[in-house]
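Descriptive structure summary
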Amino acid sequence: RQGITEQNLIDFTPAMHAEALKFMQSYVTGPVFTPPSLDQDPATGKHGTLEMPGVWGSQSWNTGAFDPDTGIYYAVTMELPTPYGMRAPNKPEEEGAGKVAYGMDYQGHEDFTNTPYGPAPVGLQGLPLLKPPYGRVTAVDMNRGEKLWTIANGDGPRNSPLLQSLNLPPLGTTGRPVPLLTKTLLFIGESSDSVMGGAGIAGPAHFFAYDKATGARVWQTMLPAGTTGGPITYEIDGRQFIVVPIGGKSYGTAWVALGLKP
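Residues numbered from 1 in each chain as written. Predicted model: local features only at pLDDT ≥ 70, side-chain atom pairs only at ≥ 80, totals over all residues. Heavy atoms only, no water.

As a further point, take the overall build of the protein. Looking only at helices and strands, one finds one helix and 17 strands in the protein. Radius of gyration (C-alpha) of the protein: 20 Å, near the 18 Å computed for a compact globule of 262 residues. Looking at the 262 residues of the protein, the share that counts as buried comes to 47%. Distance between charge centres in the protein, computed from 18 positive and 23 negative side chains, equals 4 Å. (Helix = DSSP H or I, 4+ residues; strand = E, 2+ residues; numbered from the N terminus. Rg over C-alpha atoms; globule rule 2.2 N^0.38 Å. Buried < 20%, exposed > 50% of the residue type's maximum accessible area, 1.4 Å probe, protein only. Lys, Arg positive; Asp, Glu negative; His and termini not counted. Charge placed at Lys NZ, Arg CZ, Asp CG, Glu CD.)

Structure (structure tokens):
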């Protein structure tokens with residue numbers, strides 16, 4: 001998703017959509033590459049420019065996974081908008097003071113609150129600004145340039161008290177999880193809150209196995225914390241193992257080894 005429009009806003013209920021629209025109208029919005037604007041513009045009352053993808057990107061160092069046998073690439077992406085504002089340095093020690101008229105600020109963070117699933121706009125009670133999925137895996141046939149399927153990776157905030165009566169499917173979790181591709185399966189977890197700006201899970205997190213042909217979730221388990229890097233797989237005496245690094249701001253670091261049943 002690139003850029004932000006009213007059609008992108010959360011719409012689980014009319015009230016949620018109205019609150020999201022009110023929040024969006026405090027910012028300049030538009031297609032990808034919409035320039036930053038003043039963080040407090042007296043002429044317009046805007047708080048800066050709301051960009052999508054945001055400062056933490058959509059797909060970055062965590063990358064995806066490529067299957068050389070089929071030519072299919074599995075892209076792992078997230079959706080987390082960021083407000084950008086231009087402001088004049090007002091303290092001697094600030095970067096750019098005395099050198100440039102304006103500097104870039106990841107402005108508007110006072111309008112966001114931290115949740116177990118990453119930053120969310122104040123006023124939406126911990127729910128994201130945009131429609132789901134917030135973390136996803138997309139299978140792309142690189143030989144034909146076609147998307148084959150897209151799935152939400154992780155449950156996301158669907159257990160919020162505001163959504164309990166809506167019976168929603170998995171919404172996807174923001175963060176930077178790294179996949180592992182085998183002959184038949186795609187293994188990937190939910191990212192830790194200690195990775196790249198804290199957009200991932202704070203606390204226990206899922207680790208999934210998907211059918212790489214269809215995207216169907218075929219297995220899952222709960223890890224003590226979110227993943228912090230890529231899983232690896234190896235075989236000993238005919239038994240296959242998967243090891244994944246995990247960690248968290250309140251957990252520390254660890255490795256978890258999973259063995260396939262003999």
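What follows deals with the sheet that holds strand β9 (residues 135-141). Strand order across the open sheet formed by four strands is β3-β4-β9-β10, with antiparallel pairing between neighbours. This sheet does not close on itself; its edge strands, each paired only once, are β3 (65-67) and β10 (146-152). Neighbouring strand axes in the sheet, compared pairwise and without regard to direction, differ in orientation by 20° on average. Examined bridge by bridge, β9 and β10 share six bridges and lie antiparallel to one another. Directly across from V140, in β10, lies its bridge partner K147. (Pairing = 2+ DSSP bridges. Axes fitted to C-alpha atoms, helices over the stretch in contact; angles between N-to-C directions.)

Among the structural elements, A225 can be located in the loop between β14 (217-223) and β15 (232-236). Distance in space between the C-alpha atoms of A225 and R136 is 19 Å, their sequence separation being 89 residues. Each residue touching A225, except ones within four places of it in the same chain, is listed here: G203, P204, A205, I246, G247, G248 and Y251. (Contact = heavy atoms within 4.5 Å.)

For helix α1 (residues 14-24), the full list of buried residues reads M16, H17, A20, L21, F23 and M24. Relative to the axis of α1, the buried residues are bounded by an arc of 160° and lie together on one face. Of the residues in α1, the exposed ones pointing more than 90 degrees away from the buried face are P14, A15 and K22. (Arc of directions from axis to C-beta.)

In this section: the sheet that holds β14. Overall, antiparallel pairing links the four strands, which are arranged β11-β12-β13-β14 in an open sheet. The open sheet is flanked by β11 (180-181) and β14, the only strands paired with a single partner. Sheet topology note: the β11/strand β12 (residues 185-189) ladder contains two bridges and is antiparallel. Across the sheet, the residue bridging to L181 is L186, located in β12.

All right, on to the packing of aromatic side chains then. In the structure shown here, the tally under the stated rule is six aromatic pairs. For the pair Y74 and W149, a centre-to-centre distance of 5.9 Å together with 50° between the ring planes defines the contact as tilted. A residue pair is termed long-range when its members are at least 10 positions apart, and Y74 in strand β4 (residues 72-78) and W149 in strand β10 qualify at 75 residues. Relative accessible area serves as the criterion here: at 1%, Y74 is assigned to the buried category. Residue classification places W149 among the buried positions, given a relative accessible area of 11%. Taken together, the aromatic side chains of F187, F207 and W219 make up a single cluster linked through ring pairs. (Phe/Tyr/Trp six-rings, centres within 6.5 Å; stacked < 30°, edge-to-face > 60°.)

Turning to the pairing of β14, a few remarks are in order. Where strand β13 (residues 205-211) and β14 come together, six bridges link them in antiparallel fashion. Along β14, the bridge assignment pairs F208 with Q220. The antiparallel pairing of β13 with β14 creates a hairpin that spans five residues between the two strands, and G215 there sits at a positive phi of about 85°.

Judged by nonpolar contacts, the single largest core of 20 residues is most densely connected at L9 and L129. A total of five residues in this core trace back to one element, the largest contributor, which is α1. Excluding its chain neighbours within four sequence positions, the residues that come into contact with L9 are H17, A20, L21, M24, L129, L130 and K131. (Core = buried A, V, L, I, M, F, W, Y, C linked by side-chain atoms within 4.5 Å.)

In this section: the pattern of salt bridges. Evaluation of the coordinates by the stated rule reveals nine salt bridges. Salt-bridge contacts for K212 lead to D67; the nearest nitrogen and oxygen are separated by 2.5 Å. A residue pair is termed long-range when its members are at least 10 positions apart, and K212 in the loop between β13 and β14 and D67 in strand β3 qualify at 145 residues. The residues K212 and D67 share a single accessibility class, namely buried. We note a salt bridge from D155 to R217, for which the minimum N-O separation is 3.8 Å. Taken together, the positions of D155 in the loop between β10 and β11 and R217 in strand β14 put the pair 62 residues apart, joining distant regions of the chain. Assessed through its relative accessible area of 11%, D155 is described here as buried. Judged by its relative accessible area of 30%, R217 is partly exposed. (Salt bridge = Lys/Arg side-chain N within 4 Å of Asp/Glu carboxyl O.)

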